[in-house]
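Summary of the model geometry
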Amino acid sequence: MNIHEFQAKELFRRYAVPVPQGVACASMEEAVDAAKQMFDNGSRVVVIKSQIHAGGRGKGVFEDGFKGGVQLCKSLEDVRHNVSLMLNRRLITKQTGSEGRVVRRLLAEIGSVIRKELYLAILLDRKLSRPVMIASTEGGMEIEEVAAQTPERIVREVIDPAVGMQPHQARNLAQQLGMKGDLVPQAVKLMLGVYRVFWECDASLVEINPLIISEESGGKNQLMALDGKITFDDNGLFRHPDIRSMRDLAEEAPLEVEASKFELNYIKLDGNIACMVNGAGLAMATMDIIKHYGGAPANFLDVGGGASRDQVTAAFKIILADSHVKGILVNIFGGIMKCDVIAEGIIAAVKEVGLKLPLVVRLEGTNVSLGKKILNDSGLALLSADSLSEAAEKIVSAVKEKAHHDGHRKQPVRQTH
């Protein structure tokens, strides 16, 4: 689960990670009121930041051509002008795709005097099975670009989860980032706070880009998280009802939201052959083999190891809600989930949704013979397969044949005299 920048900063404050003063706004009135208070308190610049679940907002373009999802405002007139062009408009960035995202909230924030931009993140290193904190002097840039072009500018500390991040590790990172004097204890406190956000909130990623050294009143340097991105492990959210309440369904694909209601793991893709599989690894293999035989998967859909008939029916409905789907491949390995139960679920689902698309079913595992018999005796127009290769080959061929047939049927009939 992802959250917005303003929500990430709320969590940062709980763990003593410094952030600029800001207010989340859902209307022009709220934005103007927040900005007025900031100007009255001496701020020379108020920053208006679009709140969507995507990066590259500053370089984004709104659907009407207005450039920049992050705007610097020096007056209330600037605030009104920019908010009118940002709020409830669609912002397109390199991470949103061409469809963009509607900006339903803005973050009004006191402008900072930036002396230096850095990068800081913590995530799970799956090879080491341990958290790793990553830092770089190249803040404000995509970390992938830094890794590709100047990997020597990325430093890291592997953390033993049994003892947590230690102050000496934070000091080591601070020194490698070139910090001296008062900045070192600030960095230690901030990094230990970021680690606690990661560990205690069951996050899979905490990223600050940029982490800035700002100039405060009196010329003092202050470390501060100018931006924040947090991704949570869905499996740990039952422990955090307060974080779970931060979920913004408007930022998620409608079909993925619907799938989550039935505990189905669904991700929409760009192809036209839908997949319904039990097990993430098997789902990945199924998508790969569809590509191998010249097709394109329309989704990743893992119904899990013990799907019920209702879940199978829901899966079919979600698949068919995608207008791009032209065929369906069901690939089930029956272990906990018996093949005969799945066969009955498939038949019930096909009858309920009135399926008219090509359907190929491959079953293997517990009660496979009974499952195949149930399908064969159903009277439904479906194709069965004994292997994954055969299943993929059949569905790709069936989809191409249907497209060819539909194309001929749409051609106008020439009349002869």
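The coordinates are above.
By convention here, each chain's residues receive numbers from 1 onward along its written sequence. This being a predicted model, a pLDDT of at least 70 is required before a residue's local features are given, and a value of 80 or more before pairs of side-chain atoms are given or counted; all residues contribute to the totals for chains, interfaces and linings. Excluding hydrogens and water, the side-chain figures rest on all heavy atoms present in the structure.

**What about the overall build of the protein chain?**
Rules: Numbering of helices and strands runs from the N terminus; a helix is a DSSP stretch of H or I covering at least four residues, while a strand is a stretch of E covering at least two. Partly exposed describes any residue whose relative accessible area lies between the buried limit of under 20% and the exposed limit of over 50%, with all areas from a 1.4 Å probe on protein chains only and scaled to the type maximum. Any two residues whose heavy atoms approach within 4.5 Å are treated as being in contact. Note that accessible areas follow from Shrake-Rupley with a 1.4 Å probe, and for residues the cover is restricted to the protein chains shown. Counted as positive: Lys and Arg. Counted as negative: Asp and Glu. His and the chain ends are not counted at all. A charge is said to be at NZ when it belongs to Lys, at CZ for Arg, at CG for Asp and at CD for Glu.
Along the backbone of the protein chain there are 13 helices and 19 strands. Referenced to the eigenvectors of the C-alpha coordinate spread, the extents of the protein chain come out at roughly 85 × 65 × 40 Å. For the protein chain, the proportion of its 417 residues judged to be buried stands at 48%. Across the protein chain, the fraction of contacts at a sequence separation of at least 24, relative to all contacts at a separation of at least 6, is 68%. For the protein chain, the accessible area works out to roughly 21,000 Å², and carbon and sulfur atoms hold 50% of it. Looking at charge distribution, the protein chain has the averaged site of its 51 positive side-chain charges lying 2 Å from that of its 52 negative ones.

**What about the packing of aromatic side chains?**
As a reminder of what qualifies: Ring geometry is summarised as follows: Phe, Tyr and Trp rings, the Trp one being its six-membered ring, pair when their centres sit within 6.5 Å, and such pairs are stacked at plane angles under 30 degrees, edge-to-face over 60 and tilted between the two.
Under the definition given, this model contains two aromatic pairs. A centroid spacing of 6.2 Å and a plane angle of 10° characterise the contact between tyrosine 195 and tryptophan 199, whose relative ring orientation is stacked. Placement of both tyrosine 195 and tryptophan 199 in helix H6 (residues 183-200) is noted, with a separation of four residues, approximately one turn of the helix. Judged by its relative accessible area of 6%, tyrosine 195 is buried.

**Comments concerning the side chain of histidine 53**
The topology assignment puts histidine 53 in the loop between strand S2 (46-50) and strand S3 (61-62). Overall, histidine 53 belongs to the buried group, its relative accessible area being 16%. Once you skip the residues sitting within four places of it in the chain, histidine 53 turns out to touch Asn2, Ile3, His4, Arg101, Asp248 and Glu251.

**Some words on the nonpolar core**
To be explicit about the condition: Residues enter a nonpolar core if they are buried and are Ala, Val, Leu, Ile, Met, Phe, Trp, Tyr or Cys, with the set joined through side-chain atoms within 4.5 Å.
Residues Met133, Met191, Ile230 and Phe232 are the most contacted members of the largest nonpolar core, which totals 44 residues. Elements supplying a minimum of two residues to this core: helix H1 (5-14), strand S8 (114-125), strand S9 (130-136), helix H5 (167-176), H6, strand S11 (203-215), strand S12 (221-225) and strand S13 (229-232). When residues in this core are grouped by element, the largest group, ten residues, is from H6. Of all hydrophobic cores here, the second largest spans 36 residues; its members include Met276, Ile328, Cys339 and Ala343.

**Notes on the sheet that holds strand S7 (residues 106-110)**
This is how the line gets drawn: Here, a strand pair is defined by DSSP locating no fewer than two bridges between the strands. Whenever a helix is involved, its axis is fitted only over the stretch in contact; in every case the axis is a line through C-alpha atoms, and angles between N-to-C directions fall within 0 to 180 degrees.
The four strands lie next to each other as S1-S7-S2-S4, forming an open sheet whose pairing is antiparallel. Edge strands, defined here as strands with exactly one partner in the open sheet, are strand S1 (22-25) and strand S4 (70-73). Taken over all neighbouring pairs, the strand axes of this sheet differ in orientation by 20° on average, direction set aside. Across five bridges, S2 lies against S7 in antiparallel orientation.

**Overview of helix H12 (residues 368-376)**
The following threshold applies: Throughout, the arc means the angular range of directions from the helix axis out to the C-beta atoms.
For H12, every residue scored as buried is listed here: Val368, Gly371, Ile374 and Leu375. All buried residues of H12 lie within an arc of 125° about the axis, which places them on one face of the element. For H12, the exposed residues set more than 90 degrees away from the buried face come down to Ser369 and Asn376. If you follow the buried residues of H12, they end up packed against helix H11 (339-353) and strand S18 (359-365).

**Some remarks on unusual backbone geometry**
Cis geometry marks the peptide bond from asparagine 209 to proline 210; its omega dihedral reads 10°. When you line up the elements, proline 210 lands in strand S11. Its identity is not glycine, yet serine 129 carries a phi of approximately 60°, on the positive side. Using a relative accessible area of 54% as the deciding quantity, one classes serine 129 as exposed. Of note, asparagine 367 is a non-glycine position whose phi angle comes to about 60°, a positive value.

**Regarding H6**
Operational definition: Expected span, for any helix, means 1.5 Å times one less than how many residues it has.
A rise of 1.5 Å per residue sets the reference length of H6, with its 18 residues, at 26 Å; its end C-alpha atoms lie 25 Å apart and thus fit the reference within 8%. The set of residues buried in H6 consists of Leu183, Val184, Gln186, Ala187, Val188, Leu190, Met191, Gly193, Val194, Tyr195, Val197 and Phe198. Once H6 finishes, aspartate 202 follows within two positions and takes phi at roughly 55°, a positive value.

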